[in-house]
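Examining the three-dimensional arrangement
What follows is the residue order along each chain.
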Amino acid sequence: MAVKKAAKAKKTAEATAAHAVKTGHKGKVVLAYSGGLDTSVAIPWLMEQGYDVVTMTADVGQQADNMPEINEKAVKTGAVSAHMLDLREEMIENYIWPGLKANALYEGVYPLNSAYSRPLIAQALIYIAQAEGAVAIAHGCTGKGQDQVRIEVCANALDPSIEVLAPVRDWHMTREQEMEYAERHKVPVPITRQSPYSLDDNLWGRSCECGVLEDPWNKPPKDAYGLTVDPLEAPDKPAITEITFDKGVPVAVDGKKMKSIKLIGALNKLAGAHGIGRIDMIENRLVGFKSREVYECPAAVTLITAHRALESITISKDVMRVKSDLEKKFSELAYEGYWFSPLMQAIQAFVDSTQESVSGTVRVRLYKGSAVVEGMKSDSAIYRHDLATYSEGDMFDHSASVGFIKVWGLPIKTWTQAHRKGKVVFKSVKDSHLKP
Ligand code: ARG
């Protein structure tokens, strides 16, 4: 069925392309549309280049108040059709949960919220393009960021027959010129006050850059934050919350089963109110320079902290060690636009197999900016009290340690006997007191 559909779409696209050669009309382009200034101006601009514009707006859980009327606005601006896709569940199932299972943090701190949404948007653009028989897709990224790389690499991987256009990167218009162009083409521009920052948000967190943040000496002002309170102003009383996981995925909070969208929303609210999830970092960009970004990821930070703790009692030492190397690789691939790479697939398969035993409950204390694990339990724990205890009930065979130490230390003893001559000396310790 899907193959038939794709073949039909391909035929339509070919017919459209042939028509374009004859008439100068290029066919349909699917534009990733947010309703902001850039993507609003992109509609008439693409029409001037000979395209019929179809818009695709992705709902990834962003805090936007223009969502209900966005399709209507796209059509008013000249789009031949407008699509709104609720991709929240897709994002959670195929990006956020795989990322959580991998404890993915780029450069050890960034939970990849923005990075996850780009391959998903590329997928959505290609999905609509194939359904509409479009010849191209378009995005509003500039030529400086890594989102252009992610969207284009992913889109090309999914359907190389569809061209990718980047109007904002190509038109070289300043903000003022864009406003003037919008007025000339009667494009309704957003009336909301322009933020001094560049913002991007979804279910997994909020990213904020530009403006005064570009000087790394500047402390991020209050208005750079939107999801969390300042830890200094957070409540004096901590919140204690219990998160239950099933095979690496959170399924309940405080014993209450919740659907994933609700669960993430509830934790964003609770942990955000305690100032958890603020990350202020200078990151190494894929495009070669360093940039500063301020992230707020209350649910992500809380869940990764809890998930990691649960793994510590349910996963074996050697698996944990290999996994932690692959977690780093996973984060780099996600950051660098290699979501659909064979290595990413292979790592995800490995990570999934490690999660079979990661079920149980973790108790976390949320207090003035930190999420601290207070307790954990699991029916599949390989933490054994009877092996670990120093008290009554100790089952560990102490006498076995004698032989173990002999064999474990043998290679080092052999080496030092051959190479290390003389007595032990300390350079900084006076040994005069040792002399009679
Ligand atoms: N630096 C982050 C990334 O590349 C976020 C990018 C979007 N940020 C923004 N404030 N618009 O994943």
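Below you will find a few notes about this structure. This structure is a prediction, so every number in the text was calculated from the model and none was measured.

1. A word on the overall build of the protein chain
Across its full length, the protein chain holds 14 helices and 14 strands. With respect to the three principal axes, the spread of C-alpha positions in the protein chain is 100 × 50 × 50 Å. For the protein chain, the residues scored as buried account for 44% of the 436 residues in total. For the protein chain, the accessible area works out to roughly 24,100 Å², and carbon and sulfur atoms hold 57% of it.

2. Examining the environment of Leu112
Mapped onto the fold, Leu112 is located in the loop between α4 (88–101) and α5 (113–132). Between the C-alpha atom of Leu112 and that of Gly205, which follows or precedes it by 93 residues, the distance is 8.5 Å. When residues no more than four places from it in sequence are discounted, the contact partners of Leu112 are Ala104, Leu105, Tyr106, Ser331, Ala334 and Tyr335.

3. Looking at the layout of surface pockets
Counted as a void, the second largest pocket has a volume near 320 Å³. Every residue lining the second largest pocket is counted, 16 residues in all, and those nearest its centre are Gly61, Gln63, Asn202, Leu203 and Asn268. Counting residues per element, the ones that place at least two in the lining of the second largest pocket are β6 (198–202) and α9 (260–273). Take the lining of the second largest pocket: its biggest share by element is four residues, from α9.

4. Some remarks on helix α3 (residues 70–77)
Counting along an α-helix, one turn takes 3.6 residues, and residues three or four places apart therefore face a common direction. For α3, the full list of buried residues reads Ile70, Lys73, Ala74 and Thr77. Across the axial projection of α3, the buried residues extend over an arc of 100°, all falling on one side. In α3, the exposed positions angled more than 90 degrees off the buried face are occupied by Glu72 and Lys76. Backbone geometry just after α3 places Gly78 at a positive phi near 130°.

5. Describing the sheet that holds strand β13 (residues 360–367)
Sheet architecture is open: five strands sit in the order β10-β9-β8-β13-β14, paired in antiparallel fashion. What marks the edges here is a single partner per strand, and that holds for β10 (256–257) and β14 (370–377). Bridge count between strand β8 (residues 239–246) and strand β9 (residues 249–253): four bridges; the pairing is antiparallel. Residue pairing for β9: Ile243 is matched across the bridge by Val253. Here helix α10 (residues 298–314) sits on the sheet in contact with β8, β9, β13 and β14, set at roughly 30° to β14.

6. Describing a nonpolar patch on the surface
Residues Leu286, Val287 and Phe289 make up a contiguous nonpolar surface patch of roughly 200 Å² in combined accessible area. Topologically, Phe289 is positioned in the loop between β11 (278–284) and β12 (290–296).

7. With respect to the side chain of Thr361
For Thr361, the position within the fold is in strand β13. Ignoring sequence-local partners within four residues, the contact set of Thr361 consists of Glu242, Ile243, Thr244, Leu310, Gly375, Met376 and Lys377.

8. Things to note about the pairing of β6
The pairing of β6 with strand β7 (residues 205–209) spans five bridges and is antiparallel. By the bridge assignment for β7, Asn202 is matched with Gly205. Once β6 ends, the chain turns through two residues before running back antiparallel as β7.

Scoring rules and cut-offs
Residues numbered from 1 in each chain as written. Predicted model: local features only at pLDDT ≥ 70, side-chain atom pairs only at ≥ 80, totals over all residues. Heavy atoms only, no water. Helix = DSSP H or I, 4+ residues; strand = E, 2+ residues; numbered from the N terminus. Buried < 20%, exposed > 50% of the residue type's maximum accessible area, 1.4 Å probe, protein only. Areas by Shrake-Rupley, 256 points an atom, 1.4 Å probe, with all protein chains shown as cover. Contact = heavy atoms within 4.5 Å. 1 Å grid on protein atoms, 1.4 Å probe; cavity = no way out; pocket = protein on both sides within 12 Å on 5 of 7 lines; lining within 4 Å. Points joined across faces, edges and corners; volume = space filled by probe spheres on them. Arc of directions from axis to C-beta. Pairing = 2+ DSSP bridges. Axes fitted to C-alpha atoms, helices over the stretch in contact; angles between N-to-C directions. Patch = residues over 30% accessible without salt bridge, like charges linked within 9 Å, V, L, I, M, F, W, Y side chains within 5 Å. Salt bridge = Lys/Arg side-chain N within 4 Å of Asp/Glu carboxyl O.

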